[in-house]
Amino acid sequence: MDLKTGLSSPVIADHLPTIALPAAVMTFTTPTSFPSPGLCLNTTKKIPLPGKIEEVRATGWLDLMMASSPTRKRQVKDVVSDTQTGDVDLQYHNWTVDYPSALTSFEAITDLAASKRLALFLDYDGTLSPIVDNPANALMSDEMRAAVKHVASLFPTAIISGRSRDKVFDFVKLNELYYAGSHGMDIMGPVGKAADSNGVECIRSTDSQGKEVNLFQPASEFLPMISEVYKKLDESVKDIDGARMEDNKFCVSVHYRNVAEDVFQRVTAVLEDYPCLRLTHGRKVFEVRPVIDWNKGKAVEFLLESLGLNESDDVLPIYVGDDRTDEDAFKVLKASNRGFGILVSSIPKESDAFYSLRDPAEVMEFLRKLAAWKEQSN
Ligand SMILES: O=P(O)(O)OC[C@H]1O[C@H](O[C@H]2O[C@H](CO)[C@@H](O)[C@H](O)[C@H]2O)[C@H](O)[C@@H](O)[C@@H]1O
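Residues numbered from 1 in each chain as written. Predicted model: local features only at pLDDT ≥ 70, side-chain atom pairs only at ≥ 80, totals over all residues. Heavy atoms only, no water.

- Going by an unreviewed UniProt entry, the chain carries the name Trehalose 6-phosphate phosphatase and comes from Urochloa decumbens.
- Recorded under Pathway (unreviewed entry), the UniProt text for the chain is reproduced unchanged: "Glycan biosynthesis; trehalose biosynthesis."
- Entered under Function (unreviewed entry) in the UniProt record, the comment concerning the chain runs "Removes the phosphate from trehalose 6-phosphate to produce free trehalose." (UniProt positions renumbered as here; feature names shortened; annotations may be inferred.)

Below, the structure is given as structure tokens:
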């Protein structure tokens, strides 16, 4: 199947039921209006770095062409011919022609990063912790924590998650990072240039260490509505065996990973009364959130600006994520031609990311390599 053309959705996500959404809920696709006055960030678009990204793509392809040389191809064919596992591996291998592994292309990445200031953005679930049945058990390993801590001591690093900011901090437990929870709708960032964004002011606060920080919460006026809808959704799905609700502060997750029944219809029925809320779909999860023009991509721009990294051409932002919502961040980096996304996936998926990594174990390896490279080049 031609992955580039065979899909209407930008990413193959877990199966979404084909029931039509109520008109009110359908507003989620491209939100353009919302209750607060204008929330679109005024970011200065960067002049594309001529050819740089394409050079990396070319180098990535070169790596793969070498890996697919006749000898290598024969080996791959011999091994996979009779097994289904082999077919899956081959499909994955072919997919990495378009989305080269950030590990095999590591040299190309560091060649590009050598003259730049790198900024790292990391998703949490499925990126730093493996996907598990119970969201409460999505713990990060100590090894991963050490790897994240190490890179964060060398590059500005932020975690941007769909979880609430407090919850993701409880998992990660590192003070060296910046955190954006609720898909970027709750950012605790440095006291920097982004004191406000299109009419929404940052709140000056202090973190658990007593350090001054800026709190940016563009959906704060939706809090009462979100807690109301949480209660209604909870009530609505409570009899469904295995359905789980999660309060992510500015959004609500309805998990159906362990469910046989139709959770989707229950959720959309509740949302009919809430035209200011939209529904998105992640990995076996429906996410309910405010219809505001804000997402993980906007959060990346906001953090870059707060860090004073938005104005210079010598910054290389890298975003690592596994889910649909991470595509917004991949798109922002792709459109500005400044940095790139790395999609974490063990199956072929269409994406706006540039590179790929198979799973959180490969993410950890990549972070370790990045830290080792930086220390060696200092
Ligand atoms: O942006 P993220 O950090 O990736 O958060 C997105 C959602 O992640 C979590 O759900 C996913 O991971 C769970 C634990 O592995 C898994 O059980 C679930 O099926 C996945 O969808 C989190 O629980 C959600 O609230 C986030 O919205």
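Some details on the pattern of salt bridges
Here comes step 1: With the rule as written, the count across this model stands at 18 salt bridges.
Here comes step 2: A salt bridge links Asp-142 to Arg-145; its shortest N-O distance comes to 2.9 Å. Separated by three residues within a single helix, Asp-142 and Arg-145 lie in helix α6 (residues 142-154), roughly one turn from each other.
Here comes step 3: Beyond isolated ion pairs, a larger network of salt bridges with shared partners links Asp-125, Arg-163, Lys-167 and Glu-246. (Salt bridge = Lys/Arg side-chain N within 4 Å of Asp/Glu carboxyl O. Helix = DSSP H or I, 4+ residues; strand = E, 2+ residues; numbered from the N terminus.)

Here we look at the site of the ligand
Here comes step 1: Looking at the ligand, there are 21 residues lining it, with Val-132, Glu-246, Arg-257, Arg-283 and Glu-287 nearest.
Here comes step 2: Backbone polar atom of Asp-133 to an oxygen atom of the ligand: 3.5 Å apart, as the coordinates give it.
Here comes step 3: A distance of 2.7 Å separates an oxygen atom of the ligand from a polar atom in the side chain of Ser-161.
Here comes step 4: Protein chains shield 99% of the accessible area of the ligand, which is 570 Å² for the free molecule.
Here comes step 5: Breaking the shell around the ligand down by element, the ones donating at least two residues are β10 (252-255) and β12 (285-290).
Here comes step 6: Residue composition of the shell around the ligand, by class: seven nonpolar, five polar and nine charged. (Near = heavy atom within 4 Å. Polar contact = N/O pair within 3.5 Å; in protein donor to acceptor, adjacent residues only side chain to side chain. Areas by Shrake-Rupley, 256 points an atom, 1.4 Å probe, with all protein chains shown as cover. Nonpolar A, V, L, I, M, F, W, Y, C, P; charged D, E, K, R; others polar.)

Overview of the sheet that holds strand β15 (residues 355-357)
Here comes step 1: Strand order in this open sheet of nine strands is β7-β8-β4-β3-β2-β1-β13-β14-β15, and the pairing throughout is mixed. Edge positions in the sheet fall to β7 (203-206) and β15, since each has one partner strand and no second. The mean inter-strand angle of the sheet, taken between neighbouring strand axes irrespective of direction, is 25°.
Here comes step 2: In this structure, strand β14 (residues 340-344) lies alongside β15, joined through three bridges in parallel fashion. Note on β15: the bridge partner recorded for Ile-342 is Tyr-355.
Here comes step 3: Its contacts with the sheet put helix α10 (residues 296-306) on β1 (117-122), β2 (157-160), β3 (178-181), β4 (186-190), β8 (212-216) and β13 (315-321), and the angle it makes with β4 is roughly 20°. (Pairing = 2+ DSSP bridges. Axes fitted to C-alpha atoms, helices over the stretch in contact; angles between N-to-C directions. Contact = heavy atoms within 4.5 Å.)

Some thoughts on the side chain of His-255
Here comes step 1: Within the fold, His-255 resides in strand β10.
Here comes step 2: Looking at His-255, its side chain comes within polar contact range of the side chain of Glu-246, at 2.7 Å.
Here comes step 3: Those residues in contact with His-255, other than ones at most four positions away along the chain, are Pro-135, Gly-242, Ala-243, Arg-244, Glu-246, Lys-284 and Val-285.

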